[in-house]
Amino acid sequence: MEYIIILIAAVFVNNIVLSQFLGICPFLGVSNKVSTSVGMSGAVLFVMTIATLATYLLHEFVLVPSGMDYLRTITFILVIASLVQMVEIILKKVSPALYQALGVFLPLITTNCAVLGVAILALGLENGSLLKAVFFAIANSIGFALALIVFASIREHLELANIPKGMKGVPINLLVAGLLSLAFLGFTGLV
Amino acid sequence: MAEKLNQKQNFLKGIIKDNPVFVMLLGMCPTLGVTSSAFNGLGMGIATLFVLLMSNIVVSLIKSQIPAKVRIPAFIIIIASFVTIVEMVLEAYIPFLFEQLGIFIPLIVVNCLILGRAEAFASKNNLISSIIDALGMGIGFTIALTLLGAAREILGSGSIFDLRFVSEDANTMILFILPPGAFIALAYLTLAFNRISTKTS
């Protein structure tokens, strides 16, 4: 039951993009086509889960016992950056097909604040455990995927719409994101 | 004289022509995430300005020592060190702001504005130009965040910098201090900014 609540909260109520504002750069940047947004979502799911697993273990077994919790930001970003690099090398060797699909998105993910944000937020969960932290990361990446794919399919339709000249580009995209966020606000109080 | 003029342009480009928020769309997460009031926007802007300035100074000073292949990780470590300093100072001296900004303080590390300036500017230019670039970009970012924060605070809670100008029981547009308001307010501010900057140039 607890896990179902985490899932619903992360996907709908506190959606990582639309209500917590993490991962806005890829949300605005790679959302012009549905196919690229699916690829990006897959890459984020992959990296976010592994990164949270690694940083949780690092925090629990290295930083806390040695009293160096203040080094959290530095160590986490380094772990994430090297992990992304490693995932890229391993994928290339083990599964070229998957690499073809996710490859271009991997380098972009290092500076995706959603990954670092979820890794830090996962430490603050109530009665936290490793399993819960990893589940939290998966739930949040599903939320990310949902927001990104819905937004990309709206943007595909916008291409054909008749928009006032000044609103074209960034302003209309932000407005659409605002309306989408408003729709997600309706889930408040669900859990 | 020509050099002086260039430095002035170097400073001004961050505020108007290449404004990090309205034109380059860098650092959008903190821009949207913490601007529910003008004070928060200003605080985040100054924290980012400090990190940007220090990282630009350090990167510019040691640029010749960093091997090109590992420059990005090296920049990230430099930035992360200053972010940790900001985190500790804020927690100790301004705990109220620390609470308000929350997760977005450690996330200054992944603010693409800072890494972007280190890579695109400080690693290629001398100390003085890098300082001026950081000040211009940082002030441009701070102005944008404060403007957005002020707009949202005026519409959403009927106050500015916590000074209320409507009565206690007045109905304000609460939407603007909620997440959707951030996107909507930024959309119209960008529109206005584009309009003004195309007219003047």
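Residues numbered from 1 in each chain as written. Chains lettered and ligands numbered in written order. Predicted model: local features only at pLDDT ≥ 70, side-chain atom pairs only at ≥ 80, totals over all residues.

A. Up close: the overall build of chain B. The secondary structure content of chain B amounts to 8 helices and 2 strands. Secondary structure of chain B in N-to-C order comes out as α-α-α-α-α-α-α-β-β-α. Taken over C-alpha atoms, the radius of gyration comes to 18 Å for chain B, in line with the 17 Å a tight globule of 201 residues would show. Taken along the three principal axes of its C-alpha coordinates, chain B extends 60 × 45 × 25 Å. Taken over 201 residues, chain B has a buried fraction of 47%. (Helix = DSSP H or I, 4+ residues; strand = E, 2+ residues; numbered from the N terminus. Rg over C-alpha atoms; globule rule 2.2 N^0.38 Å. Buried ≥ 20, exposed ≤ 12 C-beta atoms within 10 Å, placed from the backbone.)

B. Region of the structure containing the overall build of chain A. Regarding its fold elements, chain A presents 9 helices and 0 strands. The helix and strand sequence of chain A, counted from the amino end, reads α-α-α-α-α-α-α-α-α. Since a compact globule built from 191 residues should have a radius of gyration of about 16 Å, the 18 Å found for chain A is in line with a globular shape. By principal-axis analysis of the C-alpha atoms, chain A measures approximately 60 × 45 × 30 Å. Taking as baseline every contact in chain A between residues at least 6 positions apart, the subset at least 24 positions apart corresponds to 78%. (Contact = placed C-beta atoms within 7 Å.)

C. The interface of chain B and chain A, seen in detail. Facing 32 residues of chain B, the contacting portion of chain A comprises 29 residues. Of all the secondary structure elements, the ones that give two or more residues to the side of chain B that touches chain A are α2 (28-33), α4 (71-93), α6 (112-122) and α8 (179-200) of chain B. No other element matches the 10 residues that α8 of chain B contributes to the side of chain B that touches chain A. Considered class by class, the residues forming the side of chain B that touches chain A number 25 nonpolar, 5 polar and 2 charged. (Nonpolar A, V, L, I, M, F, W, Y, C, P; charged D, E, K, R; others polar.)

D. Looking closely at the packing of helix α8 (residues 130-158) of chain A against helix α9 (residues 170-185) of chain A. Residue and element names in this part refer to chain A. Relative to each other, α8 and α9 sit at 135°, their axes nearing to 11 Å. Here α8 is positioned oblique relative to α9, judged by the angle of their axes. For the pair α8 and α9, the sense of crossing is right-handed. Across the interface between the two elements, Val 150, Phe 151, Ile 154, Arg 155 and Leu 158 of α8 pack against Ile 172, Asn 173, Val 176, Ala 177 and Leu 180 of α9. (Axes fitted to C-alpha atoms, helices over the stretch in contact; angles between N-to-C directions. Parallel < 35°, antiparallel > 145°, perpendicular 65-115°, else oblique. Left-handed = near helix turned anticlockwise from the far one by under 90°.)

E. Examining the packing of α6 of chain B against helix α7 (residues 127-157) of chain B more closely. Residue and element names in this part refer to chain B. Relative to each other, α6 and α7 sit at 150°, their axes nearing to 11 Å. As far as their axial angle goes, α7 and α6 are roughly antiparallel. In this structure, the crossing between α6 and α7 has a hand that is right-handed. Residues Leu 113, Arg 117, Phe 121 and Ala 122 of α6 form the contact with α7, whose participating residues are Ser 130, Asp 133, Ala 134, Met 137 and Phe 141.

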